[in-house]
Amino acid sequence: MLEIFRTMFPNPKSELRYTTDFEFLVAVILSAQSTDVQVNKVTEKLFKKYPTIESFANADIRELERDVFSTGYYRSKARYLKESALMVLSRFGGKLPHTMKEMRMLPGVGRKTANVVLSNLYGIYEGIAVDTHVMRISQRFDLVDPPYTATSIERDLMEITPKNEWGNLNHYMVLYGRYHSPAHAKEVNDELTALYPPARKWERK
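Since we're looking at a predicted model, the values are computed, not measured. (Residues numbered from 1 in each chain as written. Predicted model: local features only at pLDDT ≥ 70, side-chain atom pairs only at ≥ 80, totals over all residues. Heavy atoms only, no water.)

Asks: Please provide a residue-by-residue account of the packing of aromatic side chains, values included.
Replies: On inspection of all chains with the given rule, the structure shows nine aromatic pairs. On the basis of an interplanar angle of 50 degrees and a centroid distance of 4.6 Å, the ring pair of tyrosine 18 and phenylalanine 24 is categorised as tilted. Judged by its relative accessible area of 33%, tyrosine 18 is partly exposed. Taking relative accessible area as the criterion, phenylalanine 24 reaches 0% and is therefore assigned buried. Pairwise contacts between aromatic rings join Phe5, Phe9, Phe141, Tyr172, Tyr176 and Tyr196 into one cluster. (Phe/Tyr/Trp six-rings, centres within 6.5 Å; stacked < 30°, edge-to-face > 60°. Buried < 20%, exposed > 50% of the residue type's maximum accessible area, 1.4 Å probe, protein only.)

Asks: Describe in detail empty space enclosed by the protein, supporting the description with residues and values.
Replies: Within the structure shown, the criterion is met by one cavity of 30 Å³ or more. Around the largest cavity, the lining residues are Asn115, Val116, Ser119, Asn120, Gly127, Ile128, Ala129, Trp166, Gly167 and Asn170. Of all elements in the fold, only helix H8 (111-122) and helix H11 (166-179) reach the threshold of two or more residues within the lining of the largest cavity. The greatest single-element share of the lining of the largest cavity, amounting to four residues, is contributed by H8. Split by residue class, the lining of the largest cavity holds four nonpolar, six polar and no charged. (1 Å grid on protein atoms, 1.4 Å probe; cavity = no way out; pocket = protein on both sides within 12 Å on 5 of 7 lines; lining within 4 Å. Points joined across faces, edges and corners; volume = space filled by probe spheres on them. Helix = DSSP H or I, 4+ residues; strand = E, 2+ residues; numbered from the N terminus. Nonpolar A, V, L, I, M, F, W, Y, C, P; charged D, E, K, R; others polar.)

Asks: So, the pattern of salt bridges: which residues are in play, and what are the values?
Replies: Throughout the structure, instances matching the rule amount to nine salt bridges. Between arginine 178 and glutamate 15 there is a salt bridge, with its nearest N and O atoms 2.4 Å apart. Of this pair, arginine 178 sits in helix H11 while glutamate 15 is found in the loop between helix H1 (2-8) and helix H2 (21-30), placing the two residues 163 residues apart along the sequence. Glutamate 15 sits in the partly exposed class, given a relative accessible area of 30%. Here the salt bridges share partners, and the residues they tie into one network are Glu15, Asp36 and Arg178. (Salt bridge = Lys/Arg side-chain N within 4 Å of Asp/Glu carboxyl O.)

Asks: Tell me what's going on with the packing of helix H9 (residues 132-140) against helix H10 (residues 150-160), and back it up with residues and numbers.
Replies: Running from N to C, H9 and H10 point in directions that differ by 60 degrees, and their axes come no closer than 11 Å. With respect to each other, H9 and H10 are oriented oblique. For H9 against H10, the interelement crossing comes out left-handed. On H10, the residues that touch Val134, Met135, Ser138 and Gln139 of H9 are Ala150, Ile153 and Leu157. (Axes fitted to C-alpha atoms, helices over the stretch in contact; angles between N-to-C directions. Parallel < 35°, antiparallel > 145°, perpendicular 65-115°, else oblique. Left-handed = near helix turned anticlockwise from the far one by under 90°. Contact = heavy atoms within 4.5 Å.)

Asks: Explain the nonpolar core to me, using residue names and the numbers behind them.
Replies: If you look at the biggest cluster of nonpolar residues, it comprises 36 residues, and the most contacted ones within it are Phe22, Leu25, Leu46, Phe56 and Leu64. At the level of elements, H2, helix H3 (36-49), helix H4 (53-57), helix H6 (74-91), helix H7 (100-103) and H8 are the ones that each hand at least two residues to this core. When residues in this core are grouped by element, the largest group, eight residues, is from H2. Once residues within four sequence positions are removed from consideration, leucine 64 is found in contact with Leu46, Tyr50, Phe56, Ala59, Ala78, Leu81 and Lys82. Grouped together as the second largest cluster of nonpolar side chains are 24 residues, Phe9, Met173, Leu192 and Ala199 included. (Core = buried A, V, L, I, M, F, W, Y, C linked by side-chain atoms within 4.5 Å.)

What follows is the structure, encoded as structure tokens:
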């Protein structure tokens, strides 16, 4: 599968747009229960209005809520952005931390977000980011076992995937799920399903 993924996606990377490390964190936090397309629309204006970590830290919370409204869960997300900015400045000297433990100290940052940030920005692989695409594709190809939670899926994938591919695996599955095997597809016929025919037709367990 990895060989086929490499052919399909020779340059796997996040489709979120950003220019600084903190902007990437902002985009990843906003992407929860939203789409990369919608997040990119919002951040195009957001990053002009709040060009620095300090500007997020000093933001009026109600105004920030309006600015991120269309990404959903806007009250929580606005609070996470402001509080994360304050913590990055006060505790980490204005730079994002480079460990899972420290990343997860930031408000709104769980294991998935920390994995995405650490692997994409710094090439640090402490795990595999498990989102809805990863959950669905890993089950479709019988790569994981019950109970199919984010924790169990990450554990199973880490056991069978070379560590130097942990970061890419999330990209591969996200891109594959987005462009080749969307959730509504009743049947998928391609190189990957030819490798594992039961994946051609699949119903969520």
